[in-house]
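Structural features, examined
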Amino acid sequence: MFEQLAGRYPSTVAAFSSMPGGERALHAVIELERRWIALSKGNSRSKPFTFVKDEDSLPECPPEARYDVVIAGGGLGLVAGAALARRGLKVLVFDKQGVGEAHREWNISERELQSLVRHGIFTHEELSRAVGTRYARGLISFDATNTGVPACPLQLQGVLDVALDAQAVLDLARAKFLQAGGTILEGRAFRTLHIAQGGPVASVFEVEGPQGIELYQTRLAIDTMGSVSPIAVGLNGGLPFDGVCPTAGTVVEGLDGDPSVGDVLVSVAPASEGRQLIWEGFPGRGGETTVYLFYYDRTGAKEAEGQSLLWLFERYFNLLPTYRKPMGGGQYRHLRPVFGYIPARYGRSGRTAARGLLCLGDAAAGQSPLTFCGFGSFVRHIGRFAALISFALKHDLLEESNLREISPHQANLRVAWVFSRFMQPWPGSGPAATNRLMNVFCRALGDVGPKTTVRFLQDRYTLDEYLRIMLTTARHYPGVFALTSRVLGPLGLLKWAGDLSAFAVDDAARWLHKLIGYKRWKRLERLAERASPAIALKLVAKRSGWGLMRDEM
């Protein structure tokens, strides 16, 4: 493989050949790239669903192969499994590789991390052992060269300021899951999901195991197979995402810089080749730094042609010295790669649930299309997921209309896609256009203050905060509304207006909840649970979602 790629990607081959297990890792990069491009072009040959009349028509499974919940995907799905198993549910997690293998490193804020403790999944002491490092502040900085505006870097506290050892977190989740009675199956490749269309809700996973075809029946199927999940694609009749950040990087030693600062969003050059490349750099244990290079893009068959991870890795290794030089004039030491396609939806587009089926994690892309912090979004919602899923199973609320309430898509995220469109060059923009607008935007965030800025970056902003940020940006750059109209076009503006209206309606309902008061709202939930559990599920889902926008995690 190295010989085949050396001519076109010499820097990538040189770096991967120096890493332990580098050839296996490079094969994983190539396979992920192949699958993403095939899905984007609609060339997937998988048939993720077969439908049968009712539960009696499903493929026969022995009693020991029947579960309350079966989770496809052993990354974040293992954390979800641990949260559900501790509630007394019979849960199975399977993966085509090993269950609980980390493919990216994770950064999160301290307050978000504590939700794992608050909901009883881990203890504070256990999580402390999985923390690589904590740092004092995060940096957002965009190159101001030839922009005509001053550089406006932001120094923030409480944003992605905890670097986690992802493998340590997954090892801990695996132990917790097994202690709670969960079942793990490795080396099982998903083939299809048989769904009963009538009668009691039930499905059967058909997987390819070491000895051939295996069948597992479940009341609720959960898809956490990521951005290339055949279930999410099949559920939406094609690639279900609107935006994507192709991402490449490494955990590297020997990088110069201040270990007390994490780079949240940093650009060091204008856009080139139609992409505005952005860096992230987070110090870890023992002098290690996790560095990512990525860019914002839209999805589709045409765009997929240019979304090569190999191309991005080659740029990463060649451009790394322009971002951070090696310490003391020495050499970088690349320990392992980090990579992926981080997806997002524009508004609440597409389906994330069906009868007896729920997508979570990157398969649902519930995170902001601006911040793309999928791990932070998943952790914020983990207690909410577990409580609502348990409630739904208790009351047999497993139809699509019920399970959609459990979706992580907050109303405030419906408008975030507009910001993400300016993180990528647009027709007629020059190389400095994205950096120019981002420096103006950072100035506006500086004006509204650190509290609102942190809430904005953690997807917790309210309607009045969103409007204040927009109007402050317009004060510094009066042409931003005309530019927005040109970039989005008539259909985009109409969609934005619809998403903004939905946000406003939800915000009004949130204020009504506040007016009623927490105790009286909880009393309504208890009354509704006796009279109409489906209404109670909606009430609990709304309350818990609004809680995430405040300081309740």
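Just above, that's the structure.
Reading the values: rules and limits
Residues numbered from 1 in each chain as written. Predicted model: local features only at pLDDT ≥ 70, side-chain atom pairs only at ≥ 80, totals over all residues. Heavy atoms only, no water. Helix = DSSP H or I, 4+ residues; strand = E, 2+ residues; numbered from the N terminus. Rg over C-alpha atoms; globule rule 2.2 N^0.38 Å. Buried < 20%, exposed > 50% of the residue type's maximum accessible area, 1.4 Å probe, protein only. Areas by Shrake-Rupley, 256 points an atom, 1.4 Å probe, with all protein chains shown as cover. Polar contact = N/O pair within 3.5 Å; in protein donor to acceptor, adjacent residues only side chain to side chain. Contact = heavy atoms within 4.5 Å. Axes fitted to C-alpha atoms, helices over the stretch in contact; angles between N-to-C directions. Parallel < 35°, antiparallel > 145°, perpendicular 65-115°, else oblique. Nonpolar A, V, L, I, M, F, W, Y, C, P; charged D, E, K, R; others polar.

To continue, consider the overall build of the protein. Helix and strand content of the protein: 19 helices and 20 strands. Taken against the 2.2 N^0.38 rule, which gives 24 Å for 553 residues, the C-alpha radius of gyration of the protein at 23 Å falls within 12% of a compact globule. Within the protein, buried positions represent 59% of all 553 residues. Just so you have it, the protein exposes about 22,100 Å², and 54% of that area is on carbon and sulfur atoms.

The next subject is the environment of Arg-443. Inspection of the secondary structure assignment puts Arg-443 in helix 14 (residues 433–448). Sequence spacing of Arg-443 and Val-264 is 179 residues, and the spatial spacing of their C-alpha atoms is 16 Å.

Looking now at the side chain of Thr-299. By the element assignment, Thr-299 lies in the loop between strand 17 (297–298) and helix 9 (301–304). A polar side-chain atom of Thr-299 sits 2.5 Å from the main-chain carbonyl oxygen of Phe-241. Each residue touching Thr-299, except ones within four places of it in the same chain, is listed here: Trp-36, Leu-239, Phe-241, Asp-242, Gly-243 and Val-244.

Right, let's talk about unusual backbone geometry for a bit. The backbone of Leu-160 shows a phi angle near 50 degrees, a positive value even though the residue is not glycine. Its place among the elements puts Leu-160 in the loop between strand 7 (154–156) and strand 8 (162–164). The phi torsion at Asp-396 lies on the positive side, around 55 degrees, for a residue other than glycine. Along the chain, the position of Asp-396 falls in the loop between helix 11 (374–394) and helix 12 (400–403). Among the residues examined, Asp-396 registers a relative accessible area of 54% and is labelled exposed.

Once that is clear, we can look at the packing of helix 11 against helix 19 (residues 533–549). The axes of two packed helices give the description: the angle between them and the distance between them. Close contact between helix 11 and helix 19 brings their axes to 10 Å; oriented N to C, the two are set at 175 degrees. The orientation of helix 11 with respect to helix 19, classified from their angle, is roughly antiparallel. Within the contact between the two elements, helix 11 uses Arg-380, His-381, Arg-384, Leu-388 and Phe-391 and helix 19 uses Pro-533, Ala-536, Leu-537, Val-540, Ala-541, Ser-544, Gly-545 and Leu-548. Of the residues that constitute the contact of helix 11 with helix 19, the class distribution is eight nonpolar, three polar and two charged.

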